Structure formats: structure tokens, C-alpha cells
Amino acid sequence: FENVVSMEDLSTDDVLSFIHEAQDFKAGKQIELKRPVYAANLFFEGSTRTHTSFEMAERKLGLQVVNFDPANSSLSKGESMSDTVKTFQAIGVDLVAIRDKKNEYYKDLIADPNIHLGIANGGDGSGQHPSQSLLDMMTIYEEFGHFEGLKVAIVGDLTHSRVARSNMEVLTMLGAHVYFGGPKKWYTKEFAKYGEWMPIDDLVEEMDVMMFLRVQHERIADDENGSFSAEKYHEQYGLTAERESRMPQQSIIMHPAPVNRGVEIADELVECDKSRIFQQMHNGVFVRMAIMTSMLRNRGLIKEEY
Ligand code: CP
């Protein structure tokens with residue numbers, strides 16, 4: 001791929017190819033580059049996992065990583081994202097991973113005839129999060145070996161979640177059945193097209209995958225945050241130990257993290273036997289290696305794959 005910015009651009013075969021390539025990297029696959037290749041991670045919005053995971057993926061592929069600290073950059077002088085990206089291109093950077101709070105920030109960059117470097121979307125506002133979606137699909141595939149007919153619940157702050165949007169589309173395309181849970185005010189028409197809403201007490205007994213989402217206080221209006229009760233949310237919509245005990249034996253728990261422990265999921269369940277939360281993070285490195293490799297391949301920068 002020239003750029004990897006949205007799950008909407010990927011077919012079923014593309015998603016499966018990314019998963020298989022990530023599995024190959026997990027099993028030890030390596031690449032050799034034709035020349036030194038440079039990458040930069042431009043995170044204009046906070047991140048722990050995606051940022052460090054892209055950097056780890058780039059280093060494992062043998063790319064040279066150029067640092068960028070937005071707080072001490074010329075963004076403070078009013079420089080735009082577009083000029084920041086063009087600056088990295090001008091100094092010789094080949095690939096960038098970008099995160100920004102603006103939905104679809106990448107459209108203007110891709111349409112700009114003066115921008116040629118490869119762009120991997122590390123998350124845009126409440127829009128898309130393709131690397132997270134692919135690592136989620138890899139984790140589900142590793143567990144079940146298929147998607148067809150699987151029941152997957154996406155539970156929580158749907159409205160503000162780029163993970164919910166990316167995943168409901170790709171899971172449906174792959175043949176899984178999507179359900180939703182959490183506060184009904186966040187289950188809007190956009191989600192109803194993809195699956196029905198069910199109470200958490202019914203979901204836990206029927207689903208193969210319980211995928212919880214973080215309550216995104218930073219994107220929720222202040223007045224709503226003021227009335228938010230973590231205890232009440234956990235009791236009404238969260239995974240309690242009692243609910244976990246009713247989940248089917250083969251079922252798994254997922255969450256893109258960071259987790260609000262004790263809100264979406266009881267503290268002691270974050271690392272329980274059914275939880276794949278840290279496995280998701282581990283798989284993220286290999287998925288991002290596959291994403292960067294597809295952009296390297298597109299640019300003819302790979303000498304050998306073995
Ligand atoms: N899951 C995820 O995107 O985490 P970060 O915000 O820490 O990157």
C-alpha cells in the first residue's frame with residue numbers, strides 16, 4: 001500500500017494478508033532494505049501503545065527512527081501539520097505514522113501532490129484506527145482461526161471511539177456478528193446498522209468476544225463528566241467478576257487500552273485468563289511491522305524477505 005490510513009480501504013483479502021504477514025513477523029520473519037530508510041512518528045495527540053509500538057516495529061525492520069516532540073516543535077509557532085510533514089519529507093524521511101485529534105486529517109495530506117512519503121494512520125479523532133483494528137483482528141484470528149459466525153460485542157463509549165468504527169466495519173466484512181452494549185445514548189443510528197444493542201448481562205453469556213472500550217472523558221462534554229459515576233457505570237455496563245464467571249469457556253475479553261480499571265473492567269480481570277489485553281499490545285508490534293512493510297514494498301525499498 002502507498003498509505004495505510006483507513007480500514008475502509010481494505011478488502012477481506014487485504015486484512016487476511018496483513019494478519020498473515022504479522023504472524024510471519026511474530027514467527028521471526030525479517031527483511032533486508034536496499035538502502036537506509038528513515039521513519040518518524042508524528043503524534044499530535046497523546047499515545048503510549050501506538051506510538052511506542054510503531055517505533056518498535058520500525059526498529060525491528062531496521063528503519064532509522066527520527067524523533068519528534070510536538071511540545072517542543074515549531075507547532076508552537078503556528079506551523080501546520082502539512083508543513084510539518086513536508087519538513088520531514090524534505091530532510092529525507094520515507095515513512096511517517098501520524099495521530100491527530102482531527103477526523104480524516106490524512107485526506108488533505110494524501111491529496112497534496114507535494115507529499116510522497118508513506119503515511120500510516122495512528123488514529124484520527126473519532127474516525128479510524130487501522131493499526132489497532134488489524135491487531136484486534138490478528139488477536140481474534142489467533143484465538144479462533146476464523147471470523148465467520150463469531151459473535152463479537154463492542155461495549156462502552158461507542159460515540160467517541162475510532163476503534164468501534166474501524167472494528168464494526170471490518171468484523172462485519174469478515175463474516176462476524178457484531179453486537180453492542182453500554183449506555184444506550186452512545187448507541188446511535190450509525191451503530192444500529194451494524195448490530196443490535198443488548199444488556200451486558202445477556203452479552204456476557206452469548207458472546208465469543210467481549211470487546212470493551214474506554215470511557216473517553218477527554219472527548220465527553222464537561223457537564224456530562226461532572227455527573228459521571230465510575231461505580232455506577234461499572235455496575236450497569238462494566239465487566240464484574242460475577243459477569244465474567246458467566247462467560248462461555250472459550251470466550252475472550254479484549255480492550256484497546258488504556259483501561260479505566262474498575263470502570264469498564266474490574267481491576268482483577270484486566271489480567272485474568274480470558275483477558276487478551278496485553279496480547280493485543282504484543283501483536284500490535286507485528287501488525288505495525290506488516291503495515292510499514294507494505295509501504296516499503298510499494299516504494300521498492302525491500303531487497304530481500306526471509
Ligand atoms: N490503544 C491505543 O491506541 O493506545 P494509545 O492511545 O496509548 O496509543
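Residues numbered from 1 in each chain as written. Predicted model: local features only at pLDDT ≥ 70, side-chain atom pairs only at ≥ 80, totals over all residues.

1. Some words on the domain arrangement of the protein chain
Next, step 1: Domain assignment breaks the protein chain into domain 1 (7-128 + 282-305) and domain 2 (130-278).
Next, step 2: Summarising the inter-unit geometry, the C-alpha centres of domain 1 and domain 2 are found 26 Å apart.
Next, step 3: The interface is formed by 25 residues belonging to domain 1 together with 22 residues belonging to domain 2.
Next, step 4: Looking at the side of domain 1 that touches domain 2, the elements with two or more residues in it are α1 (12-26), α2 (49-60), β5 (118-124) and α12 (277-298).
Next, step 5: The leading source of residues in the side of domain 1 that touches domain 2 is α12, at six residues.
Next, step 6: Grouping the amino acids of the side of domain 1 that touches domain 2 by side-chain chemistry returns eight nonpolar, 13 polar and four charged. (Domains from an automatic or database assignment. Contact = placed C-beta atoms within 7 Å. Helix = DSSP H or I, 4+ residues; strand = E, 2+ residues; numbered from the N terminus. Nonpolar A, V, L, I, M, F, W, Y, C, P; charged D, E, K, R; others polar.)

2. Some points on the UniProt feature "binding site: carbamoyl phosphate" (unreviewed entry) in the protein chain
Next, step 1: Per the UniProt entry, the sites bearing "binding site: carbamoyl phosphate" (unreviewed entry) are Arg49, Thr50, Arg99, His129, Gln132, Ala257 and Pro258 in this numbering.
Next, step 2: Within the element layout of this structure, threonine 50 appears in helix α2.
Next, step 3: What makes threonine 50 buried here is the crowd of 26 C-beta atoms within 10 Å.
Next, step 4: Excluding residues that lie within four positions of it along the chain, threonine 50 makes contacts with Arg99, Gly122, Gly123 and Ser131. (UniProt positions renumbered as here; feature names shortened; annotations may be inferred. Buried ≥ 20, exposed ≤ 12 C-beta atoms within 10 Å, placed from the backbone.)

3. Let's talk about the site of the ligand
Next, step 1: Taken together, Ser47, Thr48, Arg49, Thr50, His51, Gly123, Gln132, Pro256, Ala257 and Pro258 make up the full set of residues adjacent to the ligand.
Next, step 2: In terms of residue count, α2 provides more of the shell around the ligand than any other element does, three residues in total.
Next, step 3: Looking at the shell around the ligand residue by residue, the classes come out as three nonpolar, six polar and one charged. (Near = placed C-beta within 6 Å.)

4. A look at the nonpolar core
Next, step 1: Counting residues in each nonpolar core, the largest one holds 78 residues, and the members touching the most others are Val96, Ala153, Ile154 and Met210.
Next, step 2: Shared between two domains, this core holds at least three residues of each, these being domain 1 (7-128 + 282-305) and domain 2 (130-278).
Next, step 3: Those residues in contact with valine 96, other than ones at most four positions away along the chain, are Ala39, Ala40, Leu42, Val85, Phe88, Leu117 and Ile119. (Core = buried A, V, L, I, M, F, W, Y, C linked by C-beta atoms within 7 Å.)

5. Brief notes about the sheet that holds strand β4 (residues 95-100)
Next, step 1: Read from one edge of the open sheet, four strands run β3-β2-β4-β5, paired in parallel fashion. One side of each edge strand has no neighbouring strand; the edge strands of this open sheet are β3 (64-66) and β5. Each strand of the sheet is rotated relative to its neighbour by a mean of 20°, with strand direction disregarded.
Next, step 2: Summarising the sheet, strand β2 (residues 38-43) and β4 pair through five bridges and their orientation is parallel. Paired with alanine 39 across the strands is leucine 95, a residue of β4.
Next, step 3: Strand contacts of α2: β2, β3, β4 and β5, with the helix running at about 180° to β2, the strand carrying the most contacts.
Next, step 4: Contacts from α12 reach β4 and β5, with the element oriented near 150° to β5. (Pairing = 2+ DSSP bridges. Axes fitted to C-alpha atoms, helices over the stretch in contact; angles between N-to-C directions.)

6. Thoughts on the sheet that holds strand β9 (residues 252-254)
Next, step 1: The four strands lie next to each other as β7-β6-β8-β9, forming an open sheet whose pairing is parallel. Strand pairing shows two members of the sheet lacking a second neighbour, β7 (177-181) and β9, which therefore form its edges. Between one strand and the next, the sheet's axes are offset by a mean angle of 20°, whatever the strand orientation.
Next, step 2: Taken together, the three bridges between strand β8 (residues 209-212) and β9 define a ladder with parallel strand orientation. In the sheet register, methionine 211 faces β9, and the bridge partner there is methionine 254.
Next, step 3: Seen against the sheet, helix α6 (residues 162-173) touches β6 (151-155), β7 and β8 and runs at an angle of roughly 165° to β6.

7. Describing the pairing of β6
Next, step 1: Here β6 lies mainly inside the structure; four of its five residues are buried.
Next, step 2: Pairing analysis gives five bridges linking β6 to β7, with the strands arranged parallel. Residue pairing for β7: alanine 153 is matched across the bridge by tyrosine 179.
Next, step 3: Each parallel crossover has a hand, and the one from β6 via α6 to β7 is right-handed.
Next, step 4: In the sheet, β6 pairs with β8 via four bridges, with the strands oriented parallel. Paired with isoleucine 154 across the strands is methionine 211, a residue of β8. (Right-handed = clockwise from strand over helix to strand, strands pointing away.)

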